[in-house]
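Structural features, examined
Below, each chain spelled out in residue letters.
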Amino acid sequence: MKIILVSILISCSILKSVDAATLTPSLTTQMQHQEQINTKNIYTARLAEIANKKAETKARLLALKNRSNKSVTPVITSAPIKPTIAPQATLTHTAVVAQQSNISSPHSVDMSRVKSTWIGWYNGVRQSEWLVSYIYDTRLDATAYDWNQVFASGKWLNHHRRNPWDSYYNFAVIDQWFTARGINPRIIGRAKHTENVGYGYYSCNSGDCTDSLIRSIRSTFDFFMSEKGKSYDAHYQSIVQPNFSKIGLSVIVVPGEQRYYLTVHYITQ
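Quick caveat: nothing in here was measured; it's all calculated off a predicted structure.

1. Thoughts on the overall build of the protein
Check the secondary structure of the protein and you find seven helices and five strands. Listed by position from the N terminus, the elements making up the protein come as α-α-β-α-β-α-α-β-α-α-β-β. Split into buried and exposed, the 269 residues of the protein put 40% on the buried side. Sequence separation of 24 or more characterises 74% of the internal contacts of the protein that already satisfy a separation of 6 or more. For the protein, the exposed area adds up to about 15300 Å²; of that, 59% sits on carbon and sulfur atoms.

See below:
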């Protein structure tokens with residue numbers, strides 16, 4: 001009898017602890033999966049960059065040799081050259097420019113087309129569920145950008161935490177955060193606002209990087225949609241929440257990391 005009571009108490013304790021971390025698994029899985037892809041792609045890009053630099057150095061040495069008619073011996077280090085990833089990079093808002101670290105000139109992004117594509121994906125899903133279409137709210141574009149700056153600057157490990165000691169998604173604290181920025185929508189059907197975040201690999205070497213960015217952020221949308229029918233479906237439910245009617249979107253690229261960071265804000269009327 002004592003053993004049964006102890007087992008029940010342990011089970012209750014486990015259930016309580018699960019509630020506190022209920023939002024953690026899916027985003028963590030996304031981050032780990034995309035981190036593997038990012039590492040592979042960045043490593044390949046760095047190897048190509050190193051090969052190009054070695055070729056340029058060889059060409060310059062040959063030109064100097066021909067100019068001076070003197071033998072020029074290149075210095076060869078004993079240590080192998082390894083690709084390195086810059087620990088920090090300057091944030092660039094894609095509404096202005098998406099600049100890659102391995103090219104000298106910036107490449108523009110038509111952010112209006114990125115936004116219309118994103119909301120088109122959302123509204124295609126909502127229409128299939130007979131729900132009212134989302135519309136963009138410029139106030140939410142601003143708040144999404146505000147949080148995306150924090151998310152992209154290296155504090156993405158906090159995901160949604162406004163304070164390090166907060167629970168994973170502390171609604172009361174986030175509600176105060178929105179209110180301080182002029183966002184205080186009506187509560188409809190126990191819904192008021194929410195926030196989704198994600199990131200993934202991004203690289204572009206063309207004259208117009210709009211299509212490249214759209215292809216990249218599609219991976220985050222697909223990840224949100226992959227939750228449909230699963231026990232954890234917070235991101236998917238944000239897309240099909242019948243009481244939400246307005247959204248805001250921010251996409252930031254960090255050139256040195258070859259990544260994009262994305263934040264979506266949702267509110268009721």
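2. Some words on unusual backbone geometry
Its identity as a non-glycine residue notwithstanding, W130 has a phi of 60°, on the positive side. As for its position among the elements, W130 is in the loop between helix 3 (111-128) and strand 2 (135-136). Of the residues examined, W130 reaches a relative accessible area of 81% and is grouped as exposed. In this structure, Q258 takes a positive phi of about 55° despite not being glycine. Counting through the fold element by element, Q258 comes out in the loop between strand 4 (246-254) and strand 5 (259-267).

3. A word on the packing of aromatic side chains
In the structure shown here, the tally under the stated rule is 14 aromatic pairs. Where F151 meets Y261, the ring centres are 5.5 Å apart and the plane angle is 85°; that geometry is what we call edge-to-face. Residue F151 is found in helix 4 (residues 138-155), and its partner Y261 is found in strand 5; the two are separated by 110 residues along the sequence. Summarising the aromatic geometry, the rings of W177 and F178 are spaced 5.3 Å apart at their centres and angled 85° between planes, so their arrangement reads as edge-to-face. Its relative accessible area of 0% is what places F178 among the buried residues.

4. Looking at helix 6 (residues 210-225)
Between its terminal C-alpha atoms helix 6 stretches 22 Å, which fits the 22 Å expected from 16 residues at 1.5 Å a residue. If you check which residues of helix 6 are buried, you get T210, S212, L213, I214, S216, I217, T220, F221, F223 and F224.

5. Observations regarding the state of the cysteines
Here the structure, examined in full by the defined rule, presents one disulfide. What pairs with C204 in a disulfide is C209, and their sulfur atoms sit 2.0 Å apart. Looking along the S-S bond of the C204-C209 disulfide, the torsion reads about -90°, which is the left-handed sense.

6. Digging into the confidence of the model for the protein
As a note on interpretation, predicted positions should not be read in detail where pLDDT is low. Averaged over all residues, the pLDDT of the protein equals 75, while 59% of them reach at least 70. Note on residues 8-25: pLDDT is under 50 here. Beyond four places in sequence and across chains, it has seven contacts. Note that residues 70-106 has pLDDT below 50 and, in this model, 63 contacts with residues that lie over four places away or in other chains.

7. Some words on the environment of W147
One can find W147 in helix 4. Sequence separation between W147 and H265 is 118 residues, and the spatial gap between their C-alpha atoms is 9.7 Å. At a separation of 3.0 Å, a polar atom in the side chain of W147 contacts the main-chain carbonyl oxygen of H159.

8. Regarding the pairing of strand 5
Regular strands place their side chains on alternate faces of the sheet. When you tally the buried positions in strand 5, you get nine out of nine residues, the bulk of the element. Burial along strand 5 is two-sided: the residues R259, Y261, T263, H265 and I267 and Y260, L262, V264 and Y266 are all buried. Looking at chain direction, strand 4 and strand 5 are connected through nine bridges and run antiparallel. Its bridge partner lying in strand 5, L249 is registered against V264. Adjacent in sequence and paired antiparallel, strand 4 and strand 5 are bridged by four residues, among which Q258 carries a positive phi angle near 55°.

9. Notes on the pattern of salt bridges
Applying the stated criterion to the full structure yields eight salt bridges. R139 serves as the salt-bridge partner of D137, at 2.8 Å between the closest nitrogen and oxygen. Judged by its relative accessible area of 8%, D137 falls in the buried class.

Scoring rules and cut-offs
- Residues numbered from 1 in each chain as written.
- Predicted model: local features only at pLDDT ≥ 70, side-chain atom pairs only at ≥ 80, totals over all residues.
- Heavy atoms only, no water.
- Helix = DSSP H or I, 4+ residues; strand = E, 2+ residues; numbered from the N terminus.
- Buried < 20%, exposed > 50% of the residue type's maximum accessible area, 1.4 Å probe, protein only.
- Contact = heavy atoms within 4.5 Å.
- Areas by Shrake-Rupley, 256 points an atom, 1.4 Å probe, with all protein chains shown as cover.
- Phe/Tyr/Trp six-rings, centres within 6.5 Å; stacked < 30°, edge-to-face > 60°.
- Expected span 1.5 Å × (residues − 1).
- Disulfide = S-S within 2.5 Å.
- pLDDT = per-residue confidence, 0-100.
- Polar contact = N/O pair within 3.5 Å; in protein donor to acceptor, adjacent residues only side chain to side chain.
- Pairing = 2+ DSSP bridges.
- Salt bridge = Lys/Arg side-chain N within 4 Å of Asp/Glu carboxyl O.

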